[in-house]
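These are the residues of each chain, in order.
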Amino acid sequence: MPSLPPVWETVAVVVTAIAMTVGLAGVVLPLLPGLWFIWVSGLIYGLFAGFGAIGILSMAFMSVVAAAGAYIGVRIPQKQASTVGVPWWGQLIAAALAVVGMFLIPILGAVLGFVLGVALLQLLLTRSPKEALGATWLVLRSMALTSGLQLVAGFTMMVAWVVWVIAG
């Protein structure tokens, strides 16, 4: 690791810890891509403080965890939507509504847009409010599960960074 003066090393650690905490909040509140924010924070830390062997291993581990978490974040809700009968094109419409919702209602708009999209599509497809509500509830539960799994992934990435800082 290149040696930074102790005060700059401390600044780098504190700023990275704050940035990673913001990323972790982004996992729960879909305001920003939380896992990737944590990953980029680790990368920037490495560029300033140096990677070393442990840093390279930590970044590789963080990369795998971030990619797996991102995949889970898309795959679980998509799989659940397919299971309850939402066709692929309906999932694209729901995803588009999630993007619109993200801009219209900060923080929770993406989730609300996606859930509203699934509910409306199921209502149109089945003509049954009860079935639409049931399908929407299952998709919403899968999104909650996804958030929990991504939270674990974010904490795991942060622990890998802490190990890097302590061991480096």
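Coordinates for the structure precede this section.
The structure presented is a predicted model; accordingly, all values stated were derived computationally and were not measured. (Residues numbered from 1 in each chain as written. Predicted model: local features only at pLDDT ≥ 70, side-chain atom pairs only at ≥ 80, totals over all residues. Heavy atoms only, no water.)

(A) Representation of helix α4 (residues 88–104) in the model. In a regular helix each residue adds 1.5 Å, so 17 residues correspond to 24 Å; α4 covers 24 Å between its end C-alpha atoms and thus fits that length. Of all the positions in α4, only Gly90, Gln91, Ala94, Ala98 and Gly101 are classed as buried. Relative to the axis of α4, the buried residues are bounded by an arc of 95° and lie together on one face. Residues of α4 that are exposed and point over 90 degrees away from its buried face: Trp88, Leu92 and Phe103. Buried residues along α4 sit in contact with α3 (52–83) and α5 (109–126). (Helix = DSSP H or I, 4+ residues; strand = E, 2+ residues; numbered from the N terminus. Expected span 1.5 Å × (residues − 1). Buried < 20%, exposed > 50% of the residue type's maximum accessible area, 1.4 Å probe, protein only. Arc of directions from axis to C-beta. Contact = heavy atoms within 4.5 Å.)

(B) Main features of the packing of aromatic side chains. For the structure on display, the rule yields 4 aromatic pairs. Each ring, one from tyrosine 45 and one from tryptophan 161, has its centre 5.6 Å from the other, and the planes form 90°; the classification is edge-to-face. Taken together, the residues span a long stretch of sequence, with tyrosine 45 in helix α2 (residues 34–49) and tryptophan 161 in helix α6 (residues 129–167) at a distance of 116 residues. Tyrosine 45 gets classed as buried once you look at its relative accessible area, which sits at 1%. Between phenylalanine 51 and tryptophan 164, the aromatic rings sit 5.7 Å apart at their centres with planes inclined by 20°, giving stacked as the arrangement. (Phe/Tyr/Trp six-rings, centres within 6.5 Å; stacked < 30°, edge-to-face > 60°.)

(C) Up close: the packing of α4 against α5. Between α4 and α5, the least distance of the axes is 7 Å, while the angle of their chain directions is 145°. With respect to the hand of their crossing, α4 and α5 are arranged in right-handed fashion. When α4 is examined against α5, the residues Trp89, Gly90, Gln91, Ile93, Ala94, Ala95, Leu97, Ala98, Gly101 and Met102 are found in contact with a partner set consisting of Gly109, Ala110, Gly113, Phe114, Gly117, Val118, Leu121 and Leu125. Residue classes in the contact of α4 with α5 are distributed as 12 nonpolar, 6 polar and no charged. (Axes fitted to C-alpha atoms, helices over the stretch in contact; angles between N-to-C directions. Left-handed = near helix turned anticlockwise from the far one by under 90°. Nonpolar A, V, L, I, M, F, W, Y, C, P; charged D, E, K, R; others polar.)

(D) Representation of α5 within the structure. Between its first and last C-alpha atoms α5 spans 25 Å; for 18 residues at 1.5 Å apiece the expected length is 26 Å, and the two agree. Taken together, the buried positions of α5 are occupied by Gly109, Ala110, Gly113, Phe114, Val115, Gly117, Val118, Leu121 and Gln122. At the C-terminal side of α5, arginine 127 shows a positive phi close to 60°.

Keep in mind these values describe shape, not function.
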